[in-house]
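Chain and residue survey
Here's the letter readout for the chains.
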Amino acid sequence: RAVARRRGQLARLQRGGLYALLFLLPFSKAAIEITFPILLLGWLLEHAPRGWRSSLWRSPGGRWCLIALAGYLAVCALSILVSTHPDLSVRGFIRKTLEYALLFVIAADVAKEPVVAKRCLLVVMASACLVGLDGVAQEFLGKDPLRGHGIFKYGPILHPPYGYNRMTGPYESPIDLATYLIVVIPVVLVWALDPRLKGSWA
């Protein structure tokens, strides 16, 4: 009973960390650095003692995905060979690429249960709505309420016909906002167009 209780606590810890990461990611660069240790610790404590038997990655589908991920990492590592700053490239590969790859593995394992995956989707939707509202408010107020970023101005500021403005939302640049939208809009559309979900269009 005590073991089952500890496993339940670890599962809740991991899920809470994943939900927090998904919600905070658009608003804070530190979200990964804060939540990653929580996810990693919970993941290791849950699976390592049992020999990873319950891990998603022990399944045939998971193994093929791991092979694809290893291929991706190998290609990324090859770029170090042609880098003009190999020391920076190695550091970036270890600190960022490998960290994100491990985060992908952990997140997929944590969200393997349908109820957790659905909650993750709801958290992403809530975060996306907040980003959208923040961007629209920035357009009207001149700066976003959440982070205080002003409208990004391109071109000559003193000559409006030759310059133009772009919203950034909670990000520092409109390119960052555009990248986020490229990722999240398909998720929002899939959710909104699902006929099984009443009121999903809202």
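Refer to the structure above for everything that follows.
Report follows, based on the coordinates. Each residue is numbered by its place in its chain's sequence as written, counting from 1. Note on the predicted model: pLDDT of at least 70 is required for a residue's local features to be given, and 80 or more for side-chain atom pairs to be given and counted; whole-chain, interface and lining totals, by contrast, use all residues. Hydrogens and water are ignored here; the side-chain numbers use all heavy atoms of the structure.

**Concerning a nonpolar patch on the surface**
What makes a patch is a set of residues exposed beyond 30% relative accessible area and free of salt bridges, joined within 9 Å when like-charged and within 5 Å when nonpolar (Val, Leu, Ile, Met, Phe, Trp, Tyr). Residue-level accessible areas treat just the shown protein chains as cover; the underlying method is Shrake-Rupley with a 1.4 Å probe. What makes a salt bridge here is a side-chain nitrogen of Lys or Arg within 4 Å of a carboxyl oxygen of Asp or Glu, nothing more. A contiguous nonpolar patch, built from Phe23, Leu24, Leu130 and Leu146 and spanning about 300 Å² of accessible area, is present on the exposed surface. We call a residue buried when its accessible area falls under 20% of the maximum for its residue type, exposed when it is over 50%, and partly exposed in between, using a 1.4 Å probe and counting protein chains only. Relative accessible area serves as the criterion here: at 31%, Phe23 is assigned to the partly exposed category.

**Focus: the nonpolar core**
In plain words, nonpolar cores are sets of buried Ala, Val, Leu, Ile, Met, Phe, Trp, Tyr and Cys residues tied together by side-chain atoms within 4.5 Å. Leu18, Leu21, Leu39, Leu103, Ile106 and Cys120 are the most contacted members of the largest nonpolar core, which totals 24 residues. Where this core is concerned, the elements lending two or more residues are helix H1 (2-24), helix H2 (31-47), helix H3 (60-78), helix H4 (86-110) and helix H5 (114-141). Runs of H or I in DSSP of at least four residues are treated as helices and runs of E of at least two as strands, each being numbered from the N terminus. The biggest single contributor to this core is H4, with seven residues. Throughout, a contact is declared for two residues whenever any of their heavy atoms are within 4.5 Å. Setting aside residues no more than four positions away along its own chain, Leu103 makes contact with Leu21, Ile32, Phe36 and Leu39.

**With respect to the packing of aromatic side chains**
Stacked, tilted and edge-to-face are the three classes applied to pairs of Phe, Tyr and Trp rings, where Trp contributes its six-membered ring and a pair requires centres within 6.5 Å; stacked means planes under 30 degrees apart, edge-to-face means over 60, and tilted covers the rest. Using the criterion set out here, one finds three aromatic pairs in the structure. A ring pair is formed by Phe23 and Phe27, whose centres lie 6.0 Å apart and whose planes are at 45°; its orientation type is tilted.

**Digging into H2**
Multiplying 1.5 Å by the residue count of a helix minus one yields the expected span of that helix. Taking 1.5 Å of rise per residue, the 17 residues of H2 would be expected to cover 24 Å, and the 24 Å separating its terminal C-alpha atoms lies within 8% of that figure. Restricting attention to buried positions, one finds in H2 the residues Ala31, Ile32, Thr35, Phe36, Leu39, Gly42, Trp43, Glu46 and His47. For H2, the angular spread of the buried residues around the axis is 145°, confining them to a single face. Our arc is simply the arc of the directions from the helix axis toward the C-beta atoms.

**Topic: a positive patch on the surface**
On the surface, Arg6, Arg7, Arg53, Arg58 and Arg63 cluster together to form a positively charged patch. Position of Arg6 relative to the elements: it lies in helix H1. Arg6 sits in the partly exposed class, given a relative accessible area of 40%. In this tally, Asp and Glu contribute negative charge and Lys and Arg positive charge; neither His nor the terminal groups of the chain are included. Charge placement uses NZ in Lys and CZ in Arg. For Asp and Glu, CG and CD serve respectively.

**Regarding the side chain of Ser173**
Inspection of the secondary structure assignment puts Ser173 in the loop between strand S2 (164-166) and helix H6 (174-192). For this analysis, a polar contact is any N or O atom pair within 3.5 Å, provided that within protein one partner can donate a hydrogen and the other can accept it, and provided that sequence-adjacent residues contribute only side-chain to side-chain pairs. Here Ile175 takes part through its backbone nitrogen, which lies 3.0 Å from a polar atom of the side chain of Ser173.

**Observations concerning the packing of H3 against H4**
Remark: H3 packs on H4, axes separated minimally by 12 Å, with the N-to-C direction vectors making an angle of 170°. Between H3 and H4, the angle is such that the two are roughly antiparallel. On H4, the residues that touch Cys65, Leu66, Leu69, Tyr72, Leu73, Cys76 and Ala77 of H3 are Phe93, Thr97, Leu98, Ala101, Phe104 and Val105. For this scheme, ten residues count as nonpolar: Ala, Val, Leu, Ile, Met, Phe, Trp, Tyr, Cys and Pro. Four count as charged, namely Asp, Glu, Lys and Arg, and the remainder, Gly too, count as polar. Looking at side-chain class alone, the contact of H3 with H4 contains twelve nonpolar, one polar and no charged residues. To define axes, lines are fitted to C-alpha atoms, for helices over the stretch in contact only, and angles between the resulting N-to-C directions are given on a 0 to 180 degree scale. What sets the label is the angle itself: under 35 degrees gives roughly parallel, over 145 gives roughly antiparallel, 65 to 115 gives roughly perpendicular, and the rest give oblique.

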